[in-house]
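Listed below, chain by chain, are the residues.
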Amino acid sequence: MPAKARSSVRTWLWYGTLMTRELWDNGAPRRLLAADGTPRHPNVAYDDDGYPFADDQPLAQNSPQADQLFYAFPALKSWLRRRFPDAFAASDMLVYPRQGDLQASVAPDVFVAFGAGDHPRNSYKLWEGEPVPAFVLEVLSGTTADNDLGEKRDKYAAMGIAEFWVFDPFGDHIASHISGSSLRDGVYEPVPPLPGTASYPSDVLGLEFRSESGDLRIHDPVAGEDLKSLDEERAGRLAAEAQAREEANARAAAEAELGRLRRMTQL
């Protein structure tokens with residue numbers, strides 16, 4: 001056999017061996033398979049280990065639902081950074097309780113995990129040493145309510161998530177709009193409202209949840225005020241900056257006037 005032909009055969013054999021190592025028994029390339037060996041979905045992003053970190057589903061399906069999420073997640077994240085800087089809060093991030101079991105994953109609207117460290121993640125894998133989330137909030141919509149109150153709730157209980165909270169913007173499923181549950185012996189039990197109020201306390205967070213004109217509000221009893229939305233925080237910063245400018249201008253004017261009077265007395 002000519003040398004060139006032998007070289008071609010060796011190349012083909014090497015390439016074939018390499019490809020064989022890269023194939024599963026079903027013939028699908030390893031890089032096209034998810035962590036559980038199933039084919040990857042073309043519109044979903046995966047990490048290097050084959051775990052999706054996006055589920056190709058919308059975060060909010062209507063403006064009332066979106067409004068609650070856009071308030072709750074940034075407000076809680078900002079509060080946690082001030083009070084519990086080692087806590088981690090995420091929205092619509094996939095949580096994986098068991099290695100290789102993609103079907104067990106769940107993406108809470110909002111979850112909080114203490115001691116997890118506030119650093120970026122693509123997904124949240126419990127077998128990698130991540131603490132079990134302590135708090136979950138779901139905001140209901142017409143198409144997600146059954147899943148949120150059924151399969152998702154069961155998955156949270158199985159994971160050992162201490163508190164499960166639900167906000168219903170329309171009041172179709174929860175008359176009071178807000179409902180909290182605390183895990184007791186593997187079963188979620190309702191959190192009663194504070195006596196004489198329509199506010200529900202979270203023992204895990206030390207915050208109080210209520211509905212106000214159909215909107216979610218979160219109260220910090222230590223600070224004696226509600227957690228602020230992004231718009232409210234921005235408005236507060238602008239007001240503080242404007243006040244600081246006014247005070248600086250007043251001081252400058254007072255110092256200028258004092259200087260003028262001193263000069264007059266020296267004449």
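Here the residue numbers are simple positions, counted from 1 along each chain's written sequence. Totals for whole chains, interfaces and linings use every residue, but because this is a predicted model, local features are given only for residues with pLDDT of at least 70 and side-chain atom pairs only at 80 or more, for both listing and counting. Only hydrogens and water are removed before side-chain values are computed, so all heavy atoms of the structure are retained for them.

As a per-residue quantity, pLDDT reports the predictor's confidence and falls between 0 and 100. Here the protein averages 83 in pLDDT, and 79% of its residues register 70 or above. Any two residues whose heavy atoms approach within 4.5 Å at even a single point are treated as in contact. Ignoring residues within four places in sequence, the model shows residues 4-28, a span with pLDDT below 50, making 12 contacts including any to other chains.

Here a cavity denotes a set of grid points, spaced 1 Å apart and computed over the protein atoms alone, in which a 1.4 Å probe fits but from which it cannot get out, and a pocket denotes an open set meeting protein on both sides within 12 Å along at least five of seven lines; residues with an atom within 4 Å of a point are reported as lining. Grid points are joined across faces, edges and corners, and a volume is the space filled by probe spheres set on the points. Tallied over the full model, the rule gives 1 cavity of 30 Å³ or more. Empty space within the largest cavity amounts to approximately 30 Å³. Lining of the largest cavity is provided by Lys77, Leu80, Arg81, Phe84, Pro85, Ala87, Phe88, Ala89 and Asp118. Residue assignment for the lining of the largest cavity shows that the elements contributing at least two residues are α2 (63-83) and β1 (88-90). Per the convention used, a helix needs a DSSP run of H or I reaching at least four residues, while a strand needs a run of E reaching at least two, with both numbered from the N terminus. Per element, the largest residue contribution to the lining of the largest cavity is 3 residues, and it comes from α2. In terms of residue class, the lining of the largest cavity is built from 6 nonpolar, no polar and 3 charged. Three residue categories are used. Nonpolar comprises Ala, Val, Leu, Ile, Met, Phe, Trp, Tyr, Cys and Pro, charged comprises Asp, Glu, Lys and Arg, and polar comprises the others, including Gly.

Moving on, we come to the sheet that holds strand β9 (residues 200-202). Backbone-to-backbone hydrogen bonds join strands into a sheet, with any given pair of strands oriented parallel or antiparallel. A sheet is described by the order of its strands in space; here 4 strands give the open sequence β9-β10-β11-β12, paired in antiparallel fashion. Two strands close off the open sheet at either side, each with one partner strand: β9 and β12 (225-226). Pairing between strands requires that DSSP locate at least two bridges from one strand to the other. For strand β10 (residues 207-212) and strand β11 (residues 215-220), the ladder comprises 5 bridges, and the chain directions are antiparallel. By the bridge assignment for β11, Phe209 is matched with Ile218.

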